[in-house]
Amino acid sequence: MTPLLAAENLVKSFSVSTGWGKPKRFYAVDTVSISVERGRTLAVVGESGCGKSTVGSLLLRLQDPDSGSIRLDGEDAMALDSNGLRRFRRRVQVVFQDPFASLDPRERIREVLVRPMLLHRLCDRPKALKRAAALMEAVGLSAEQLDRFPHQFSGGQRQRVAIARALSVQPDLIICDEPVSALDVSVQAQVVNLLQDLQRDTGVAFIFISHDLAVVRHLAHDVAVMYSGRIVEQAPTRELFDNPRHPYTRALLAAAPRVEVQRKSQVLLTGEPPDPTNRIAGCRFAARCPYVQDRCTQEEPPLVPVNAAHLSACFFATTLPQVETLPDTLPGTSASARMAAYRRARDRQTQQAEDI
Ligand SMILES: Nc1ncnc2c1ncn2[C@@H]1O[C@H](COP(=O)(O)OP(=O)(O)OP(=O)(O)O)[C@@H](O)[C@H]1O
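Residues numbered from 1 in each chain as written. Predicted model: local features only at pLDDT ≥ 70, side-chain atom pairs only at ≥ 80, totals over all residues.

1. Side note on the confidence of the model for the protein chain
Put simply, the rule is: Residue-level confidence of the predictor, termed pLDDT, takes values from 0 up to 100. What counts as a contact here is a pair of residues whose C-beta atoms, placed from the backbone, lie within 7 Å.
Here the protein chain averages 87 in pLDDT, while 86% of its residues score no lower than 70. Confidence drops under pLDDT 50 across residues 325-335; counting only partners more than four residues distant or on other chains, this segment forms 17 contacts. As scored by the predictor, the complex reaches a pTM of 0.87 and an ipTM of 0.96.

See below:
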């Protein structure tokens with residue numbers, strides 16, 4: 001079956017000034033492939049700065065990738081004329097963390113909801129007004145509130161309006177970039193439940209960008225884990241949380257305060273991700289990985305299936321110990337050998353960074 005939206009090998013780099021000499025290329029997104037089916041929710045998770053929002057803006061066609069492809073229902077979204085791009089923008093909507101930052105504070109919510117319908121020529125103004133009232137009810141607000149201005153809403157209500165605005169043009173996909181991160185936990189739950197209800201009622205798909213694993217676990221059908229511009233693991237949600245097959249995912253889960261995953265031993269994150277202006281050889285997580293072997297610093301592990309729907313970019317994905325009984329080392333590896341490999345990896349990556 002053709003996925004609703006499919007991106008392949010997306011690369012996005014920025015030029016960054018180093019203060020002296022030539023500017024460097026900073027690879028925010030480095031060879032990312034991602035796809036979502038109709039009516040499904042794919043979460044994209046990872047530490048701050050790993051490239052999640054940049055992937056979102058590429059998928060929205062707000063920025064052009066350096067290379068790679070994006071297809072909506074099989075149609076090349078990189079080769080659209082202006083009409084095609086307008087259709088694409090109707091079908092793929094967005095909800096940001098603070099959508100009202102881009103709104104005119106003097107504009108009533110009625111206009112916020114009606115304008116996209118008129119812009120995309122979905123209906124005439126009387127019908128758009130009726131639909132705006134229905135949308136307010138659908139997101140748990142009331143038609144009377146259409147007269148209000150943005151500042152007259154609470155954070156949770158604003159997010160409901162933003163969701164109504166996105167839905168107004170009957171999209172196939174909404175990219176939600178940290179849509180509940182700024183809200184209180186109880187309000188977060190209400191908005192997340194609303195998204196689930198709307199998906200059930202309308203069949204809309206979501207790409208849900210978040211660093212909150214507890215929310216993701218509740219909402220997403222599938223999860224893609226990003227690290228330093230790459231996807232390092234992808235799996236159906238339950239499978240990912242129960243049986244993570246990349247050391248970085250394990251560290252991320254262990255560090256999540258509200259995710260109840262029992263662990264005998266935890267992989268703790270120390271150190272920093274590699275400098276993205278240096279495309280080092282090998283696995284980007286090697287210098288922080290408790291399971292690192294020499295091979296990890298020599299070759300980049302590809303993202304390959306561990307089983308049917310579970311992908312991991314770790315050479316040792318299938319031999320990593322079960323999470324519940326996580327020993328300190330890989331089978332057959334002594335603690336001292338592991339520490340030595342770890343030090344070699346760290347030194348080699350430091351050397352590579354200095355050489356570039
Ligand atoms: N226009 C730009 N110019 C230069 N660097 C950029 C630009 N946009 C993003 N970046 C850099 O790319 C990297 C990835 O940014 P991005 O916002 O995609 O990360 P993120 O995972 O969404 O982080 P967060 O969760 O903090 O929003 C960051 O280091 C960021 O500083």
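2. Considerations on the site of the ligand
The condition that has to hold: By convention here, the C-beta atom is placed from the backbone, and a residue is near a molecule or strand when that atom is within 6 Å of it. Numbering of helices and strands runs from the N terminus; a helix is a DSSP stretch of H or I covering at least four residues, while a strand is a stretch of E covering at least two. Amino acids outside the nonpolar list (Ala, Val, Leu, Ile, Met, Phe, Trp, Tyr, Cys, Pro) and the charged list (Asp, Glu, Lys, Arg) are all regarded as polar, and Gly is one of them.
The immediate surroundings of the ligand are formed by 13 residues, with Phe14, Ala28, Ser48, Ser53 and Thr54 found nearest. Of all elements in the fold, only strand S1 (5-16), strand S2 (24-36) and helix H1 (52-59) reach the threshold of two or more residues within the shell around the ligand. For the shell around the ligand, the element with the most residues is H1, which contributes 3 residues. Looking at the shell around the ligand residue by residue, the class counts come to 5 nonpolar, 7 polar and 1 charged.

3. Comments concerning the pairing of S1
Where we set the bar: One bridge is not enough; two strands pair if DSSP finds at least two bridges between them.
Judged from the 10 bridges that link them, S1 and S2 form a sheet pairing that is antiparallel. Paired with alanine 6 across the strands is serine 35, a residue of S2.

4. Some details on helix H4 (residues 125-138)
What counts is decided by this rule: Multiply 1.5 Å by the residue count of a helix minus one, and that product is the helix's expected span. In this scheme the burial state of a residue depends on its C-beta neighbours within 10 Å: 20 or more other such atoms mean buried, 12 or fewer mean exposed, and anything in between means partly exposed; the C-beta positions come from the backbone. Think of the arc as the fan of directions from the helix axis to the C-beta atoms.
Given a rise of 1.5 Å per residue, 14 residues ought to cover 20 Å, and the 19 Å separating the end C-alpha atoms of H4 matches this to within 8%. Of the residues making up H4, those classed as buried are Arg131, Ala132, Leu135 and Met136. Buried residues of H4, viewed axially, fall in a sector of 145°; they line one side. Exposed residues lying more than 90 degrees from the buried face of H4 are Pro126, Lys130, Ala134 and Glu137. Where H4 is buried, its residues touch helix H3 (109-119) and helix H5 (155-167).

5. As for the sheet that holds strand S3 (residues 41-45)
Cut-off, in case you're wondering: Geometry is summarised by axes, namely lines fitted to C-alpha atoms with helices restricted to the contacting stretch, and by angles between N-to-C directions that run from 0 to 180 degrees.
Within the open sheet, the 8 strands sit side by side as S6-S7-S8-S3-S9-S10-S12-S11. Their pairing is mixed. Across the chains shown, the open sheet's two edge strands, defined by having one partner strand only, are strand S6 (92-95) and strand S11 (304-307). Going from strand to strand, the sheet's axes swing by 25° on average, the running direction of each strand aside. Note: S3 against strand S9 (residues 222-227), 4 bridges, orientation parallel. Looking across to S9, one finds that valine 44 is bridged to alanine 224. Its contacts with the sheet place H1 against S3, strand S7 (173-177), strand S8 (205-209) and S9, and it is angled at close to 150° to S8.

6. Concerning the environment of histidine 246
Position of histidine 246 relative to the elements: it lies in the loop between helix H8 (237-242) and helix H9 (247-255). You can call histidine 246 buried: it has 30 C-beta atoms within 10 Å. Sequence separation between histidine 246 and phenylalanine 285 is 39 residues; the distance between their C-alpha atoms is 9.7 Å. Setting aside residues up to four positions removed in sequence, histidine 246 forms contacts with Val225, Val232, Glu233, Ser312, Ala313, Cys314 and Ala317.

7. Things to note about the domain arrangement of the protein chain
Where we set the bar: Domain extents, as shown, originate in an automatic or database domain assignment.
Each assigned domain of the protein chain is listed here: domain 1 (5-220) and domain 2 (242-355). Between domain 1 and domain 2, the contact holds 9 residues from the first and 8 residues from the second. Put simply, the parts of the chain that give the side of domain 1 that touches domain 2 at least two residues each are S2 and helix H7 (213-219). When grouped by side-chain class, the residues that make up the side of domain 1 that touches domain 2 number 6 nonpolar, no polar and 3 charged.

8. A short note on the packing of H3 against H4
Just so we agree on the cut-off: In this scheme, roughly parallel covers angles under 35 degrees and roughly antiparallel covers those over 145, while 65 to 115 is roughly perpendicular and the rest are oblique. Rotating anticlockwise by less than a right angle from the far helix to the near helix defines a left-handed crossing, while the corresponding clockwise rotation defines a right-handed one.
Taken N-terminus to C-terminus, the directions of H3 and H4 make an angle of 125°; their axes are 9 Å apart at the nearest point. Here H3 is positioned oblique relative to H4, judged by the angle of their axes. The way H3 lies across H4 gives a crossing that is right-handed. Taking contact as the criterion, the partners of Arg110, Leu113, Val114, Met117 and Leu118 in H3 are, on H4, Arg125, Ala128, Leu129, Arg131, Ala132 and Leu135.

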